[in-house]
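So the chains spell out like this:
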Amino acid sequence: MHRYRCQLCGITSRSYATRLGAERHGHGHRERRHGGDHPDGEHILTAGYRGPQGREWTAVVLTFALIAVALVAKLV
Ligand SMILES: [Zn+2]
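Let us look at the structure shown here. Keep in mind that what you see is a predicted model, and the values were worked out from it rather than measured.

### Some remarks on helix α1 (residues 19-34)
- Helix length check: α1 (16 residues) gives 21 Å between terminal C-alpha atoms against 22 Å at 1.5 Å per residue, within 8%.
- Along α1, the residues classified as buried are Gly-21, Ala-22, His-25, Gly-26, Gly-28, His-29, Arg-30 and His-34.
- At its buried positions, α1 is contacted by β1 (2-6), β2 (11-12) and β3 (43-46).

### What to know about the coordination of the zinc ion
- Coordination of the zinc ion by the protein comes from Cys-6 (SG), Cys-9 (SG), His-29 (NE2) and His-34 (NE2), over a distance range of 2.0 to 2.3 Å.
- Taken together, the 4 donor atoms surrounding the zinc ion define angles of 103 to 115° at the centre, an arrangement classified as tetrahedral.
- Residue class for Cys-6 comes out buried when judged on its relative accessible area of 0%.
- In this structure Cys-9 comes out as partly exposed when scored by relative accessible area, which is 35%.

### Thoughts on the sheet that holds β1
- Overall, antiparallel pairing links the 3 strands, which are arranged β2-β1-β3 in an open sheet. In this open sheet, the two edge strands, each paired with only one partner strand, are β2 and β3.
- Packed onto the sheet, α1 meets β1, β2 and β3 and runs at close to 25° relative to β1.

### Here's the deal with the pairing of β1
- What you see with β1 is a clean split: His-2, Tyr-4 and Cys-6 sit on the buried side and Arg-3 and Arg-5 on the side with no burial.
- Taken together, the 4 bridges between β1 and β3 define a ladder with antiparallel strand orientation. The residue of β3 that forms the bridge with Arg-3 is Leu-45.
- Counting the residues that bridge the hairpin from β1 to β2 gives 4 residues, and of these Gly-10 lies at a positive phi of roughly 70°.

Rules and cut-offs
- Residues numbered from 1 in each chain as written.
- Predicted model: local features only at pLDDT ≥ 70, side-chain atom pairs only at ≥ 80, totals over all residues.
- Heavy atoms only, no water.
- Helix = DSSP H or I, 4+ residues; strand = E, 2+ residues; numbered from the N terminus.
- Expected span 1.5 Å × (residues − 1).
- Buried < 20%, exposed > 50% of the residue type's maximum accessible area, 1.4 Å probe, protein only.
- Contact = heavy atoms within 4.5 Å.
- Donors = N, O, S within 2.8 Å, 3.2 Å for Na, K, Ca; no water.
- Tetrahedral: all angles 85-135°; square planar, octahedral: opposite > 155°, others 65-115°.
- Pairing = 2+ DSSP bridges.
- Axes fitted to C-alpha atoms, helices over the stretch in contact; angles between N-to-C directions.

The following block contains the structure:
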């Protein structure tokens, strides 16, 4: 997940599935609050995706990948 962070305003955007989504949020923020200029310290935060129950989806994907590898190894 990706979030836009503006250090100057002390705000962090909602989460976006894509970096482009967070960048677009940042573009809108710059236009509204900074006249289109880039404030010092702005950046995109990137973190593992957390599902509705707060599960770490990266761990879920890795678990399924390990199971798939184990099944393929068993078939060979
Ligand atoms: Zn700002």
